[in-house]
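# Structural characterization, general
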Amino acid sequence: MSESKKRIIGRFDKADFPVLDLEGISVKIDTGAYTSSIHCDEIIEKDEVLYCKFLDEEHALYNGKEFIFKDYDIIYVRSSNGMIQKRYQIESKIKLFNKIYKISLSLSSRQEMRFPVLLGRKFLSNKFIVDPQLIDLSFNNQHQTNEH
């Protein structure tokens, strides 16, 4: 995709995850991360089925809804402190700038983090140019569009 077709995204934003029944979730744009990740609570793998709940009680949008995935992968991710972690990865969808994109999300425990979702280079590549001086471009765009 040419540079002119890429959208500018700031360092933080809010996104919807329609398949996961989550709206207005704070996301951090993380060009230092290759994979994208989402905070999960109670991740359990049993009989080749994955059970989890997205976010946790610390997050205002936590709904306690359990999701079941039969199609998932196991990946190994090097965290910011250099440790390699085994993580589960699912395929899902994300809505930014009123457009729905496919996204691979690794499931992680991020309860101490301000942002329950990190968007990494694998997702950002060929779609976005990151401007670290800006925030909430998709969120603000969506709300301006809805007001007209």
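Described below are features of the structure shown in this document. (Residues numbered from 1 in each chain as written. Predicted model: local features only at pLDDT ≥ 70, side-chain atom pairs only at ≥ 80, totals over all residues. Heavy atoms only, no water.)

### A few points about the overall build of the protein
As a reminder of what qualifies: For the purposes of this entry, the term helix denotes a DSSP run of H or I that reaches at least four residues, the term strand denotes a run of E that reaches at least two, and both are numbered from the N terminus. With the radius of gyration taken over C-alpha atoms, the globule rule is written as 2.2 Å times the number of residues to the power 0.38. When accessible area is computed with a 1.4 Å probe and restricted to protein chains, residues below 20% of their type maximum are described as buried, those above 50% as exposed, and intermediate ones as partly exposed. Contacts were defined at the residue level, with two residues in contact if any of their heavy atoms lie within 4.5 Å. Method for areas: the Shrake-Rupley scheme with a 1.4 Å probe, in which residue coverage is limited to the protein chains shown. Residues scored as positive are Lys and Arg, those scored as negative are Asp and Glu, and His as well as the terminal groups of each chain are ignored. Where a charge lies is defined by one atom per residue type, namely NZ (Lys), CZ (Arg), CG (Asp) and CD (Glu).
From N to C terminus, the protein includes two helices and 11 strands. Put simply, the protein runs from its N terminus to its C terminus through helices and strands in the order β-β-β-β-β-β-β-β-β-β-α-β-α. For the protein, the C-alpha radius of gyration of 15 Å lies close to 15 Å, the compact-globule estimate for 148 residues. Along the first, second and third principal axes, the C-alpha atoms of the protein reach 45 × 35 × 25 Å. The buried share of the protein, taken over its 148 residues, is 43%. A sequence separation of at least 24 residues applies to 57% of the contacts in the protein between residues at least 6 apart. Carbon and sulfur atoms provide 46% of the accessible area of the protein, an area that totals close to 9,000 Å². Within the protein, one finds 22 positive and 22 negative side-chain charges whose respective centroids are separated by 7 Å.

### Details of the environment of Ile84
Mapping Ile84 onto the fold places it in strand E8 (residues 84–96). In this structure, Ile84 is in contact with Tyr76, Val77 and Arg78, ignoring residues within four places of it in sequence.

### Considering the pairing of strand E5 (residues 49–54)
Rules: Pairing between two strands is assigned when DSSP locates at least 2 bridges connecting them.
Burial within E5 is extensive, with five of its six residues counted as buried. Two strands pair when backbone bridges link them, and strand E4 (residues 36–46) and E5 are joined in this way by five bridges, in the antiparallel orientation. Its bridge partner being in E5, Lys46 is matched across the sheet by Val49. Linking E4 to E5, which pair antiparallel, is a turn of two residues; within it Asp47 sits at a positive phi near 55°. The sheet contact formed by E5 and strand E6 (residues 66–69) spans four bridges and is antiparallel. In the strand pairing of E6, Cys52 is matched with Phe67.

### Concerning the pairing of E8
Look at any regular strand and the pattern is simple: side chains alternate between the two faces of the sheet. Bridge count between strand E7 (residues 73–78) and E8: six bridges; the pairing is antiparallel. Counted as the bridge partner of Ile75 is Arg87 from E8. Two elements, E8 and strand E9 (residues 99–108), share nine bridges in a ladder whose sense is antiparallel. Residue pairing in the sheet places Glu91 in a bridge with Ser104 of E9. Hairpin connection of E8 to E9: two residues between the antiparallel strands, including Phe97 at a positive phi of 55°.

### As for the environment of Tyr51
Among the structural elements, Tyr51 can be located in strand E5. What makes Tyr51 partly exposed here is its relative accessible area of 24%. Put simply, Tyr51 and Ile68 are 17 residues apart on the chain and 4.7 Å apart in space, counted from C-alpha to C-alpha. Beyond its immediate stretch of four places on either side in the chain, Tyr51 contacts Glu42, Ile43, Ile44, Lys46, Glu66, Phe67 and Ile68.

### Details of unusual backbone geometry
Unusually for a residue other than glycine, Asp47 sits at a positive phi of about 55°. Looking at where Asp47 falls in the secondary structure, it is placed in the loop between E4 and E5.

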